[in-house]
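Summary of structural features
One-letter residues, chain by chain:
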Amino acid sequence: PGRAFELTASSQDFTVMGGDYLTAVGIAPTDHQQRIAVVNNGRIWYTTDGGSQWSASFDDGPSAHYFYGTAIVHSSTDPDRAWIGGSGYAGYPVWRTDDGGVNLDGAGTGLPSTLVYGLALESPSSEVLYAATEAGPYRLDPGTDAWEYIGGSTAPLTTYWCVEAVPAAQVVRFGTYGRGIWDYSTAVTGVESPVAAA
């Protein structure tokens, strides 16, 4: 009650470099002026002034899945850091920027050539990255910069559409295609818990 929203149309033409439509927009939680946008062909756009002026990245990221687009997750501590996931059939499925979208690098090794539908960080204080993919649930180990499959032997072999962190429950929650919701325990117990039914 009492809150109003103001809509302002952007004058940016995101199709000027070959894209047809936007597939994701992300806003840095620690600096709302810093934003990243992705178009269907993988072209990355960035802004540091809340969207008044946009610039094209020097690199292309992943292209979009025709129906589900791309995924963006920003660091909760560094407004310049973000990860972008999408189609990994012609390159890395996940890309990382450490300069607000100006440059991108492939994020980690070991993730198969697959589609990434969702990305999430373990908690606001953690930069452990999780991916919901066509090939299952994955975790990027920040120590080795390598992706690891975390489905264990109990998780269903199916598409994982979405992922979100639930820090209060010490889990990362995955939504699957027709096989329910599965939780990955992030509790420090000395033994990693595979994804299990929620």
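So, here is what we can say about the structure in this document. Quick caveat, the model's predicted, so the values are computed rather than measured.

Thresholds applied
- Within every chain, residues take consecutive numbers counted from 1 along the sequence as written.
- The predicted origin of the model limits local features to residues at a pLDDT of at least 70 and limits the giving and counting of side-chain atom pairs to 80 or more, whereas totals for whole chains, interfaces and linings rest on all residues.
- Remark: hydrogens and water are excluded; side-chain values derive from all non-hydrogen atoms of the structure.
- Every helix listed is a DSSP run of H or I at least four residues long, and every strand listed is a run of E at least two residues long, numbered separately from the N terminus.
- With the radius of gyration taken over C-alpha atoms, the globule rule is written as 2.2 Å times the number of residues to the power 0.38.
- Using a 1.4 Å probe on the protein chains alone, a residue whose accessible area is under 20% of its type maximum counts as buried, one over 50% counts as exposed, and one in between counts as partly exposed.
- Two residues qualify as a contact provided that any one of their heavy atoms is within 4.5 Å of a heavy atom in the partner residue.
- For the area figures, the Shrake-Rupley method with a 1.4 Å probe applies, and any residue is considered shielded solely by the protein chains shown.
- Neither His nor the chain ends contribute to the count of charged residues, in which Lys and Arg are positive and Asp and Glu negative.
- Just so you know, the charge point we use is NZ for Lys, CZ for Arg, CG for Asp and CD for Glu.
- For the purposes of these results, a polar contact is taken to be a pair of N or O atoms within 3.5 Å, where, inside protein, one atom must be able to donate a hydrogen and its partner to accept one; residues adjacent in sequence count only when each atom of the pair is a side-chain atom.
- At least two DSSP bridges between two strands are required for those strands to pair.
- Side-chain rings of Phe, Tyr and Trp, where Trp is taken by its six-membered ring, are said to pair if the distance between their centres is within 6.5 Å; with planes under 30 degrees apart they count as stacked, over 60 as edge-to-face, and otherwise as tilted.

What to know about the overall build of the protein
- Summing up its helical and strand segments, the protein has zero helices and 16 strands in all.
- Expected size for 198 residues packed as a compact globule is a radius of gyration near 16 Å; at 17 Å, the protein falls within 12% of this value.
- The C-alpha extent of the protein, read off along each of the three principal axes, is 50 × 45 × 35 Å.
- Counting all 198 residues of the protein, 46% fall into the buried class.
- Taking the contacts inside the protein whose residues are at least 6 apart along the sequence as the reference set, 41% of them involve residues at least 24 apart.
- When the accessible surface of the protein is summed, it comes to about 10000 Å², and 52% of that surface belongs to carbon and sulfur atoms.
- Between the centroid of the 8 positive side chains of the protein and the centroid of its 21 negative side chains there is a distance of 6 Å.

Focus on the side chain of arginine 43
- With respect to the helices, strands and loops of the structure, arginine 43 is situated in strand E3 (residues 43–47).
- Classification of arginine 43 by relative accessible area gives buried; the value is 15%.
- For arginine 43, the side chain forms a polar contact with the side chain of aspartate 60, separated by 3.4 Å.
- In contact with arginine 43, other than residues within four places in its own chain, are Met17, Ala37, Val38, Ala56, Ser57, Asp59 and Asp60.

Thoughts on the environment of aspartate 13
- For aspartate 13, the location among the structural elements is in the segment before strand E1 (22–27).
- On a C-alpha basis, the gap between aspartate 13 and tryptophan 54 in space is 9.3 Å, while along the polypeptide they are 41 residues apart.
- For aspartate 13, the side chain forms a polar contact with the side chain of threonine 15, separated by 2.5 Å.

Notes on the sheet that holds strand E5 (residues 71–74)
- If you walk across this open sheet you meet the four strands as E5-E6-E7-E8, and the pairing is antiparallel. The open sheet has two edge strands with one neighbour each: E5 and strand E8 (105–106).
- Across four bridges, strand E6 (residues 82–85) lies against strand E7 (residues 94–97) in antiparallel orientation. Following the sheet pairing, alanine 82 is matched in E7 by threonine 97.

Regarding the packing of aromatic side chains
- Here the structure, examined in full by the defined rule, presents eight aromatic pairs.
- Ring plane angle 55° and centroid distance 5.7 Å describe the contact between tyrosine 130 and tyrosine 184, whose orientation is recorded as tilted. Pair noted here: tyrosine 130 is in strand E10 (residues 129–133) and tyrosine 184 is in strand E15 (residues 181–185), with a separation of 54 residues, a long-range link. Like tyrosine 130, the residue tyrosine 184 is buried in the burial classification.
- With centroids separated by 5.8 Å and ring planes inclined at 75°, the aromatic side chains of tryptophan 161 and tyrosine 177 adopt a geometry described as edge-to-face. Residue tryptophan 161 is found in strand E13 (residues 160–166), and its partner tyrosine 177 is found in the loop between strand E14 (171–176) and E15; the two are separated by 16 residues along the sequence.
- Put simply, the rings of Phe14, Trp45 and Trp54 pair up and form one aromatic cluster.

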